[in-house]
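Topology and contacts: notes
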Amino acid sequence: MSVESIVNEQLASMDMKEIEELFNIASKNGNVFGNTSPGQVIRSLIQGDPVFNFHDIIGAVTNHFMHEIHGSIILGAQLVVICIIVGLLRNLADSFSKDTVSNLGIVVCSSCVMVLCLKSFMDIYQVCSSAVETMTVTMQALLPILVPLLITMGGFASGGILNPLIVTAITIFNSVLQRFIMPAIYVSCIFILVNSLSEKDYVKKLALLIRGAAVTVMGLSVTLFSGLTMLQGIVTKTADGMLAKTAKYSVDNFVPIVGGFAADSLDLILSCAAIIKNGIGIFGLIILLTLLIIPLVKILAVALVFKITAVVIEPIGNKTISDCVNEVGNTVITLAIILFLAAMMFIIFLSVIISLGGGSL
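Residues numbered from 1 in each chain as written. Predicted model: local features only at pLDDT ≥ 70, side-chain atom pairs only at ≥ 80, totals over all residues. Heavy atoms only, no water.

1. A look at the overall build of the chain
Worth spelling out the cut-off: By definition, any uninterrupted DSSP run of H or I lasting at least four residues is a helix, any uninterrupted run of E lasting at least two residues is a strand, and each is numbered from the N terminus. In this analysis, two residues are considered to be in contact whenever any of their non-hydrogen atoms come within 4.5 Å of each other. Here the Shrake-Rupley method, with its probe set to 1.4 Å, supplies the accessible areas, and only the displayed protein chains count as covering residues.
From N to C terminus, the chain includes 9 helices and 0 strands. When the elements of the chain are put in sequence order from the N terminus, they spell out α-α-α-α-α-α-α-α-α. Counted over contacts in the chain with a minimum sequence separation of 6, partners at least 24 positions apart contribute 85%. Looking at the chain as shown, the accessible area adds up to about 17,400 Å², and 67% of this sits on carbon and sulfur atoms.

Right, dumping it as structure tokens:
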């Protein structure tokens, strides 16, 4: 039997509806990798065809970014118009020496800007939180498929140790992210917006401290979990390689007559299992990258509009409002960093699993 026929039989017996549904969920807001499936990825690996078309990916990302910029321009225009109106009101109030009217205009402007910025930030916050949650579910769906394939290839040590290690890391990381890091970013944004109601800085430094602490905890968590997983993967890979080679040597030398044929068949089975494991792992990477790229493009587009708007309204509006919009843009960029680091940790987990099993071939 050929490798392709064996792989097709194995794919037919496997239930991968869950990860295909996760791909559809990840692609509902945009798709940069086109319509694909685990079977298509595996067939590309067997035939030696490229899995990704980088030209199409770059074009899709560019189009999606321009679409998000176009949608976010409305927010920027609203902020600029409000600041222009308030600037006119301030000039009229100064001309008639009506400080009360001027101060009232500043408060009204600040309140309107705060509401618009908070609404936009809440949308971005929800997008980021939903993407991270779907990444977690994706990893939880992939592990029950990849780990048995890894054990089938002779990765008993890797499967027995890495599976609980990665599951524990994902559970702890998701809890820390959803209960502490993301809420800390949200609270820092609220403090920044509240601080914009006054020309004095009351809680701005506290907001920046909370935001910096959240990013630091995020970086330490990703470094810790990723480092432990990679180190454990290196150790178990050596043990699995020795075990698989010992098994093939024993079959080849101690089984009479058909030992060499059985050893060759074992190599073929291991190769097919490796192709399936790597193909499903790559499909998982496609899901994670989709969950990263689409929200990241949206977040960066909104952040860019915030930053440009802050530059535009600084000479025509209130400096406090300009600083507020700029800091909200920085907070949105922080969400992009959080999302990127979370995706990188999950991608590292998958890459470790994909790289394992080589010693058994």
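Don't stop here, the text continues.
2. A closer look at the confidence of the model for the chain
Put simply, the rule is: For every residue, the predictor reports its confidence as pLDDT, a number between 0 and 100.
Confidence in the prediction for the chain averages 79 pLDDT; 78% of positions are at 70 or higher. Contacts from residues 257-263, a stretch scored under 50 in pLDDT, to residues over four places away or in other chains number 7 contacts.

3. Re a nonpolar patch on the surface
Condition: Two joining distances apply to patches: 9 Å for like charges and 5 Å for nonpolar side chains (Val, Leu, Ile, Met, Phe, Trp, Tyr), and every residue must have over 30% relative accessible area and no salt bridge. A side-chain nitrogen of Lys or Arg and a carboxyl oxygen of Asp or Glu constitute a salt bridge if their distance falls within 4 Å.
On the surface, Ile84, Leu88, Leu304, Ile308, Val312 and Ile316 cluster together into a nonpolar patch covering about 480 Å² of accessible area. Among the secondary structure elements, those contributing two or more residues to the nonpolar patch are helix 4 (54-95) and helix 8 (259-313).

4. Points about the packing of aromatic side chains
We describe a pair of aromatic rings using the distance from one ring centre to the other and the angle between the two ring planes. Applied cut-off: In this scheme Phe, Tyr and Trp rings, the latter by its six-membered ring, pair at centre separations within 6.5 Å, and the angle between planes marks the pair as stacked below 30 degrees, edge-to-face above 60, and tilted otherwise. Residue burial is assigned from relative accessible area. The probe radius is 1.4 Å, only protein chains are included, and a residue is buried under 20% of its type maximum, exposed over 50%, and partly exposed in between.
Counting across every chain of the model gives 6 aromatic pairs. Taken together, a centroid distance of 6.2 Å and an interplanar angle of 40° make the contact between Phe121 and Tyr125 tilted. Here Phe121 pairs with Tyr125, and both are found in helix 5 (residues 99-152), just 4 residues apart, close to one helical turn. No difference in accessibility class separates Phe121 from Tyr125, as the two residues are buried. Here Phe173 and Phe225 contribute two aromatic rings whose centre-to-centre distance is 6.5 Å and whose plane-to-plane angle is 90°, an arrangement assigned as edge-to-face. Of this pair, Phe173 sits in helix 6 (residues 156-195) while Phe225 sits in helix 7 (residues 204-254); the two residues are 52 residues apart in sequence, bridging distant segments of the chain. Residue Phe173 is classed as buried on the basis of its relative accessible area, which comes to 1%. What links up through ring pairs into an aromatic cluster is the set Phe121, Tyr125 and Tyr186.

5. Some details on helix 3 (residues 38-47)
The periodicity of an α-helix, 3.6 residues per turn, causes residues three or four places apart in sequence to face the same way. Those residues of helix 3 lying buried are Pro38, Gly39, Val41, Ile42 and Ser44. Positioned one or two residues after helix 3, Gly48 has a phi angle of 80°, which is positive.

6. Topic: the environment of Leu339
Counting through the fold element by element, Leu339 comes out in helix 9 (residues 319-355). Using a relative accessible area of 0% as the deciding quantity, one classes Leu339 as buried. C-alpha of Leu339 to C-alpha of Leu296: the two residues are 43 residues apart in sequence and 7.5 Å apart in space. Setting aside chain neighbours within four positions, we find Leu339 in contact with Cys128, Ala131, Val132, Met135, Leu291, Leu292, Pro295, Leu296 and Ile299.

7. Points about the environment of Cys112
Tracing the backbone shows Cys112 in helix 5. Along the chain, Cys112 and Gln78 lie 34 residues apart, while their C-alpha atoms are 9.6 Å from each other.

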